[in-house]
Amino acid sequence: MTATTPQPQTIPLAPSMVASWKVNVKIYRYNPEQDKKAHWEAYPVECEPGDRVLDLLNYIKWYVEPSLAYRRSCAHGVCGSDAMLINGRNRLACKILVKDLIKNGGTLTVEPIRGLKVEKDLIVDMEPFFDSYRSVMPYFINDDPTPPGERLQSPAEREVFDQGTKCILCAACTTSCPIFWVNGQYIGPAAIVQAHRFIFDSRDKGAAERFKQLDQNTGIWRCRTAYNCTEACPRDIPVTQLIEEVKRAVLYQSV
Ligand code: SF4
Ligand code: F3S
Ligand code: FES
């Protein structure tokens, strides 16, 4: 326990909150400057059932434990910065409601996403994740002369890669994958989703380069179709299906 560990007591409400539930928020905490190892700390909180887990974390940070570290930005499920392991499953803290996880008097557990080095509390080092993302060249490649007007694409051609455009790079998929847990070199589902988005874009010409990247030892064949990634995705992207489509494209070297 650290010197800043709060005593178990019900935290008073913020003036703007109308409380009706009392819940316990257990957070897996680690401060590399103070702690030899990570440990649980519990915070009793009064809240409304419709509050989001991010509201509770903000409340704890602003009123109880200012040293609590976590990432968040948009608070509306768009920026992808607050993926966490909440009650045993990867979720966005700003999207999941307390009432959808527990009942009045229940306990929420909040841990950092797995497979990436914890820097402090709920903040992990995202660089390996973004290295994999960058490795699939997640941008439009086409050296043909620019046509007058636009590079046209039919609605049907656009539909083929529509799902991948919804990705917010939250890493919930990659850090729920058992293959990634045991081998952090595995490129991971998020990078494959990003590769899919460009490989299947009828205007893009970079598929062959991406196939080379994906066909490596740490690439797409590491996937064992565990489906955790699809279940974890907060944008409801059929991640495993997109991975299978990319596998077929790599196998036949065509889209
Ligand atoms: Fe997050 Fe889904 Fe993108 Fe994976 S595919 S990074 S879970 S939005
Ligand atoms: Fe992992 Fe998803 Fe494949 S969980 S094993 S990337 S289907
Ligand atoms: Fe942006 Fe949750 S804070 S997705």
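Remember, it's a predicted structure, so these values are computed and weren't measured experimentally.

Draft legend 1. Region of interest: the site of ligand 2. Around ligand 2, the structure places Cys177, Ile179, Pro189, Cys223, Arg224, Thr225, Ala226, Tyr227, Asn228, Cys229, Thr240 and Ile243. Along the lines of polarity and charge, the residues of the shell around ligand 2 split into eight nonpolar, three polar and one charged.

Draft legend 2. Structural context of the pairing of strand 4 (residues 89-92). Relative to strand 4, strand 3 (residues 83-86) runs antiparallel, the two being bridged by four bridges. When the sheet's bridge partners are listed, leucine 85 is paired in strand 4 with asparagine 90. Hairpin remark: strand 3 followed by strand 4, antiparallel, with two residues in the connecting loop; positive phi at asparagine 87, about 45°.

Draft legend 3. The site of ligand 1, seen in detail. The immediate surroundings of ligand 1 are formed by 15 residues, with Cys167, Cys170, Cys173, Ala190 and Cys233 found nearest. The element contributing the most residues to the shell around ligand 1 is helix 5 (residues 189-199), with three residues.

Draft legend 4. Molecular detail of helix 6 (residues 207-214). Inspection of helix 6 places Ala207, Arg210, Phe211 and Leu214 among the buried residues, and these make up the whole buried set. Buried residues of helix 6, viewed axially, fall in a sector of 105°; they line one side. Exposed and facing more than 90 degrees away from the buried side of helix 6 are Ala208, Glu209 and Lys212.

Draft legend 5. Broad picture of helix 2 (residues 127-135). By the burial criterion, the buried members of helix 2 are Phe129, Ser132 and Tyr133. When helix 2 is viewed along its axis, its buried side chains cluster within an angular range of 100° and face the same direction. Residues Glu127, Asp131 and Arg134 are exposed on helix 2 and point more than 90 degrees away from its buried face. For helix 2, the elements touching its buried residues are helix 5. At the C-terminal side of helix 2, methionine 137 shows a positive phi close to 55°.

Draft legend 6. Expanded view of the pairing of strand 1 (residues 21-29). With nine bridges joining them, strand 1 and strand 2 (residues 39-47) adopt antiparallel strand pairing. Bridging across to strand 2, valine 23 finds its partner in valine 45.

Draft legend 7. Up close: the domain arrangement of the chain. Domain annotation for the chain reports domain 1 (21-123) and domain 2 (126-252). Taking only C-alpha atoms into account, the centre of domain 1 sits 29 Å from that of domain 2. Sort the elements by how many residues they give to the side of domain 1 that touches domain 2 and strand 4 lands first, with four residues. Residues belonging to the side of domain 1 that touches domain 2 are distributed by class as follows: six nonpolar, four polar and four charged.

Calculation rules
Residues numbered from 1 in each chain as written. Chains lettered and ligands numbered in written order. Predicted model: local features only at pLDDT ≥ 70, side-chain atom pairs only at ≥ 80, totals over all residues. Near = placed C-beta within 6 Å. Nonpolar A, V, L, I, M, F, W, Y, C, P; charged D, E, K, R; others polar. Pairing = 2+ DSSP bridges. Helix = DSSP H or I, 4+ residues; strand = E, 2+ residues; numbered from the N terminus. Buried ≥ 20, exposed ≤ 12 C-beta atoms within 10 Å, placed from the backbone. Arc of directions from axis to C-beta. Contact = placed C-beta atoms within 7 Å. Domains from an automatic or database assignment.

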